[in-house]
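Notes for the structure review
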Amino acid sequence: QVRVVESGGGLVQPGGSLRLSCAASGSIFMIYTMGWYRQAPGKQRELVADMDSVGTTNYADSVKGRFTISRDNVKNTVYLQMDSLKPEDTAVYYCHGDVGTKIMGRGDYWGQGTQVTVSS
C-alpha cells in the first residue's frame, strides 16, 4: 500500500554536492517521521538525518553543517542536500518513513537504496 522511491545518488568528487530525493506514495494517512540512513562497506546502517511532521530535525554528528534535510508534506517527499562531501560519506543511502496508512495502520517503510560514491 505504501511505496517509497528515492533517487539522486551517483559519483561525485570530494567537496562536491548531491541532492537526494525520496517520495512516498499510496494509501497514506500521515507520515510522522521521514529520514535518511546509510550503510558503508563493513559498517552497520546508521541514521544520517530525519525530520518529524512538524519540522524537528535530527542529524548525525558527522554530517552536521554539511547536510540539510527538508520535507514537502504536500508531496510526501523528503530531500537530503549533501554539500562538502567527503570520501567517508560513501555509502548506500536509504530513505525511511514512519507512515500511518489509511487501512493497515502505522508502519516503517524503506526505499531501495541509492549509491553515493565520493572519490577523486
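The structure this text deals with has already been given above.
This report concerns the structure included in the present document.

Parameters at a glance
- Residues numbered from 1 in each chain as written.
- Predicted model: local features only at pLDDT ≥ 70, side-chain atom pairs only at ≥ 80, totals over all residues.
- Heavy atoms only, no water.
- Pairing = 2+ DSSP bridges.
- Helix = DSSP H or I, 4+ residues; strand = E, 2+ residues; numbered from the N terminus.
- Axes fitted to C-alpha atoms, helices over the stretch in contact; angles between N-to-C directions.
- Buried < 20%, exposed > 50% of the residue type's maximum accessible area, 1.4 Å probe, protein only.
- Lys, Arg positive; Asp, Glu negative; His and termini not counted.
- Salt bridge = Lys/Arg side-chain N within 4 Å of Asp/Glu carboxyl O.
- Polar contact = N/O pair within 3.5 Å; in protein donor to acceptor, adjacent residues only side chain to side chain.
- Contact = heavy atoms within 4.5 Å.
- Phe/Tyr/Trp six-rings, centres within 6.5 Å; stacked < 30°, edge-to-face > 60°.
- Lys NZ or Arg CZ within 6 Å of the ring centre and 35° of its normal.

With antiparallel pairing, four strands are arranged side by side in an open sheet as 1-3-8-7. The sheet is open, and its two edges are formed by strand 1 (2–7) and strand 7 (67–72), each paired on a single side. Within this sheet the neighbouring strands show an average axis-to-axis angle of 15°, counted without direction. With six bridges joining them, strand 1 and strand 3 (residues 18–26) adopt antiparallel strand pairing. Within strand 3, the position partnered with glutamate 6 by the bridge is cysteine 22.

A separate point is the side chain of arginine 71. Along the chain, the position of arginine 71 falls in strand 7. An unpaired buried charge is present at arginine 71: no salt bridge exists, and aspartate 52, the closest side chain of opposite charge, is 5.9 Å distant. Within the structure, arginine 71 has its side chain in polar contact with the backbone oxygen of tyrosine 32 (distance 3.4 Å). Among the polar contacts made by the side chain of arginine 71, one reaches the main-chain carbonyl oxygen of aspartate 52 at a distance of 3.2 Å. Residues in contact with arginine 71, not counting those within four places in the same chain, are Ile31, Tyr32, Thr33, Met34, Met51, Asp52, Ser53, Thr77 and Val78.

Per the stated rule, a full pass over the model turns up one aromatic pair. Lying across the ring of tyrosine 94, arginine 45 places its NZ or CZ 3.8 Å from the centre. Above the face of the tryptophan 110 ring, arginine 45 is positioned so that its terminal group lies 4.9 Å from the ring centre.

For asparagine 76, which is not glycine, the phi torsion reads 55° and is therefore positive. Within the secondary structure, asparagine 76 sits in the loop between strand 7 and strand 8 (77–82). Under the relative-accessibility criterion, asparagine 76 is labelled partly exposed at 21%. The backbone of serine 84 sits at a positive phi, close to 50°, despite the residue not being glycine. Looking at where serine 84 falls in the secondary structure, it is placed in the loop between strand 8 and strand 9 (91–101).

Turning our eyes to something else, we now look at the environment of valine 4. Assignment of secondary structure puts valine 4 in strand 1. The sequence separation of valine 4 and lysine 43 amounts to 39 residues, and the corresponding C-alpha distance is 24 Å. Other than its neighbours up to four places away in sequence, valine 4 contacts Cys22, Ala23, Ala24, Cys95, Tyr109, Trp110, Gly111 and Gln112.

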